[in-house]
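Listed below, chain by chain, are the residues.
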Amino acid sequence: QVQLVESGGGLVQPGGSLRLSCAASGSSFSIRAMAWYRQAPGKQRELVAAVIGDTTTTYADSVKDRFTISRDNAKNTVYLQMNSLKPEDTAVYYCYADILITTWEPYWGQGTQVTVSS
């Protein structure tokens, strides 16, 4: 069994920064892609950023040049550095990982709230 545990959410003023972390724990697994999604009230969950393998990344247009996704394979951890935050970035942020135990399956974290407000 694998668990994804997120941390780093909170309340921040517009223009501020936050760093989210998501660590995968368990035994005998491999990770392919890791990503961050978010869901604002009344909206569908959307992809924010993803990292495939070690270096291939993709970002939603709304966060390009403000957010950076990175990955530490030794720690099975993915990070999301969020700068120049805007009120419209307010959402619950979910970690996602494509994990192999016996077959490749999607795993989700429990979500962490990010609120951007003055």
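Before reading on, note that the structure itself is shown above.
Basis of the calculations
Residues numbered from 1 in each chain as written. Predicted model: local features only at pLDDT ≥ 70, side-chain atom pairs only at ≥ 80, totals over all residues. Heavy atoms only, no water. Helix = DSSP H or I, 4+ residues; strand = E, 2+ residues; numbered from the N terminus. Rg over C-alpha atoms; globule rule 2.2 N^0.38 Å. Buried < 20%, exposed > 50% of the residue type's maximum accessible area, 1.4 Å probe, protein only. Contact = heavy atoms within 4.5 Å. Areas by Shrake-Rupley, 256 points an atom, 1.4 Å probe, with all protein chains shown as cover. Lys, Arg positive; Asp, Glu negative; His and termini not counted. Charge placed at Lys NZ, Arg CZ, Asp CG, Glu CD. Disulfide = S-S within 2.5 Å. Pairing = 2+ DSSP bridges. Axes fitted to C-alpha atoms, helices over the stretch in contact; angles between N-to-C directions.

Trainee: Which residues make up the overall build of the protein, and what are the values?
Mentor: If you tally the helices and strands in the protein, you get zero helices and eleven strands. Along the protein, helices (α) and strands (β) appear in the sequence β-β-β-β-β-β-β-β-β-β-β when read from the amino end. For 118 residues, the compact-globule formula gives about 13 Å, and the C-alpha radius of gyration of the protein, at 14 Å, lands near that figure. For the protein, the spread of C-alpha atoms along the three principal axes comes to 45 × 25 × 25 Å. Across the 118 residues that make up the protein, the buried fraction comes to 42%. Of the contacts formed within the protein by residues at least 6 apart in sequence, a portion of 54% connects residues at least 24 apart. When the accessible surface of the protein is summed, it comes to about 6300 Å², and 47% of that surface belongs to carbon and sulfur atoms. Of the side-chain charges in the protein, 10 are positive and 10 negative, and the distance between the mean point of each set is 2 Å.

Trainee: Any chance you could break down the state of the cysteines for me, citing the residues and the numbers?
Mentor: On inspection of all chains with the given rule, the structure shows one disulfide. Here Cys-22 is linked by a disulfide to Cys-95, with a sulfur-sulfur distance of 2.1 Å. Taking the torsion about the sulfur-sulfur bond, which here is approximately -80 degrees, the covalent link between Cys-22 and Cys-95 counts as left-handed. Placement of the pair is Cys-22 in strand β3 (residues 18-25) and Cys-95 in strand β9 (residues 91-100), with a sequence separation of 73 residues.

Trainee: Describe the sheet that holds strand β8 (residues 77-82), and please don't skip the residues or the numbers.
Mentor: Pairing is antiparallel across the open sheet formed by four strands, whose spatial order is β1-β3-β8-β7. Across the chains shown, the open sheet's two edge strands, defined by having one partner strand only, are β1 (3-7) and β7 (67-72). Strand-to-strand twist in this sheet, taken as the mean axis angle between neighbours without regard to direction, amounts to 15 degrees. Of the pairings in the sheet, the one linking β1 to β3 comprises five bridges and is antiparallel in character. Bridged to Leu-4 within β3 is Ala-24.

Trainee: Requested: an account of the pairing of β8, with residues and values cited.
Mentor: Burial within β8 is extensive, with five of its six residues counted as buried. Here β3 runs beside β8; their pairing, made up of six bridges, is antiparallel. Note on β8: the bridge partner recorded for Ser-21 is Tyr-79. Alignment of β7 against β8, held across six bridges, turns out to be antiparallel. Following the sheet pairing, Ser-70 is matched in β8 by Tyr-79.

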